[in-house]
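Each chain, letter by letter, is given below.
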Amino acid sequence: MTTRNTTAGAALPLNQILAGDCVEVMNTLPAGSVDLIFADPPYNLQLKGELHRPDNSRVDAVDDHWDQFSSFAAYDAFTRDWLAAAKRLLKPNGAIWVIGSYHNVFRLGTELQNQGFWLLNDVVWRKSNPMPNFKGKRLTNAHETLIWASRDEAAKYTFNYEALKALNDGVQMRSDWVIPLCTGHERLKDENGDKAHPTQKPEALLHRVIVATTNPGDVILDPFFGTGTTGAVAKMLGRDFIGIEREEAYRKAAAERIARVRRFDASALEVTGSKRAEPRVPFGQVVERGMLRPGEELFSLGNRFKAKVRADGTLIGNDVKGSIHQVGAALEGAPSCNGWTYWHFKRDGKLVPIDILRQQIRAEMEADGSRTH
């Protein structure tokens, strides 16, 4: 367990599970000290009596005292208080994830907007193995909703777009996530063999959230820590966490669980970065360095079109002159074109994308930069 001094000089209790009411504990922590908050608040399910399967066996549903509120007004007041405390803790460019079901997520979304959070996405977590509706009077409730919001409209929040795309086999990640419920070896059990927590979230869900919206070394706060899924995944991924949990049994289960977790090595924590963050390389530099010569021909994939390189880094093809992007777009009759991936040069009879040359220059720039530090 470690602490970190904030800019205000107060110590931040990193990688610890703090006991107590979430609002009271959050109000003792230094303002503007947390990069991300993941919150899984009580759902206020309003269950009326016990729920049974068709064979009359009892369903282990959420009927704990912490999920019971006297009225919607009481639940709204609770939501207002903990979200206000959460917003105070976020850094100016921080963000929050809140998860809920149809019982409470609309109330959560309203209060987020009331307090000035800026909604970025709502994500549907579709459970591939949902619990059936045993009474057959409603649709099977097969999803929960996550709301992702930045602290303010102008916040420069973290979003590792390319990393998520890589996670999704090279396809842009959508806002509907198919992830199974927490079952099997991942589901924590108490000494009686029962679920240690009725709504334990799968580690896959937190893995996606943390990889997408934090960087190694960031601080993640979970004010409803439960059995510690957020802390376990944060530790694995090289992030620091702060957990708040008022139930002693949950704190004990979470502490034992996190103690068993091994942090991944530094090289494994790296994720695919945004191409926008890479150094900009004008095509003219490729020509200046002699990697391509004026007069050399470039070809579109499939040899449909060709163009000649000019001394100033522009191209000419079919009487069209301009940048690698402009000429490619004009020849294809398209509104835009990424010339780096569109154009190829020939080496040993094979077509090679000119982007290879850009990556060579970037590698040299990074090597030069590392030598100067």
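Residues numbered from 1 in each chain as written. Predicted model: local features only at pLDDT ≥ 70, side-chain atom pairs only at ≥ 80, totals over all residues. Heavy atoms only, no water.

Chemist: Run through the pattern of salt bridges, naming residues and quoting values.
Modeler: This model, assessed by the stated rule, comprises 15 salt bridges. Where K127 meets E144, a salt bridge forms, and the shortest distance between an N and an O atom there is 2.7 Å. Of the two residues, K127 sits in the loop between β6 (118–126) and β7 (143–150) while E144 sits in strand β7, which places them 17 residues apart along the sequence. What makes K127 buried here is its relative accessible area of 11%. What you see here is one network of salt bridges that share partners, running through K87, R151 and D152. (Salt bridge = Lys/Arg side-chain N within 4 Å of Asp/Glu carboxyl O. Helix = DSSP H or I, 4+ residues; strand = E, 2+ residues; numbered from the N terminus. Buried < 20%, exposed > 50% of the residue type's maximum accessible area, 1.4 Å probe, protein only.)

Chemist: Can you lay out unusual backbone geometry for me, pointing to particular residues and giving the numbers?
Modeler: The residue D169 is not glycine, and still its phi comes out positive at about 60°. Here D169 shows up in the loop between α4 (161–167) and β8 (176–178). By relative accessible area, which is 74% here, D169 ends up exposed. A positive phi angle, close to 60°, is found at N303, a residue other than glycine. Turning to its location among the elements, N303 is positioned in the loop between β11 (297–300) and β12 (306–309).

Chemist: Tell me what's going on with the sheet that holds strand β16 (residues 350–353), and back it up with residues and numbers.
Modeler: Overall, antiparallel pairing links the six strands, which are arranged β14-β13-β12-β11-β15-β16 in an open sheet. Both outer strands of the open sheet, β14 (320–322) and β16, are each paired with one neighbouring strand and no more. Between one strand axis and the next, the sheet turns through 35° on average, direction left out of account. Looking at chain direction, β11 and β12 are connected through three bridges and run antiparallel. By the bridge assignment, L298 is partnered in β12 with A307. (Pairing = 2+ DSSP bridges. Axes fitted to C-alpha atoms, helices over the stretch in contact; angles between N-to-C directions.)

Chemist: Tell me about the side chain of D35, and name the residues and values.
Modeler: Mapped onto the elements of the fold, D35 is located in strand β4 (residues 34–39). On the accessibility criterion, D35 (17% relative accessible area) is buried. Among the polar contacts listed, one links the side chain of D35 to the backbone nitrogen of V219, at a separation of 2.8 Å. Other than its neighbours up to four places away in sequence, D35 contacts L90, K91, G94, A95, D218 and V219. (Polar contact = N/O pair within 3.5 Å; in protein donor to acceptor, adjacent residues only side chain to side chain. Contact = heavy atoms within 4.5 Å.)

Chemist: Please give an account of the pairing of β4 that cites residues and values.
Modeler: Counting buried positions along β4 yields six of six residues, so the element is predominantly enclosed. Taken together, the five bridges between β4 and strand β5 (residues 90–100) define a ladder with parallel strand orientation. Residue pairing for β5: V34 is matched across the bridge by L90. The pairing of β4 with strand β9 (residues 219–222) spans two bridges and is classified as parallel. Bridging across to β9, L36 finds its partner in I220.

Chemist: Any chance you could break down helix α3 (residues 105–114) for me, citing the residues and the numbers?
Modeler: By the burial criterion, the buried members of α3 are V105, L108, G109, E111 and L112. The buried residues of α3 occupy an angular sector of 165° when the element is viewed end-on, so they sit on one face. Along α3, the residues that are exposed and aim more than 90 degrees away from the buried face are F106, Q113 and N114. Each element contacted by the buried residues of α3 is listed here: α2 (72–89), β5, β6 and β7. Phi for G116, located one or two positions after α3, is positive at around 90°. (Arc of directions from axis to C-beta.)

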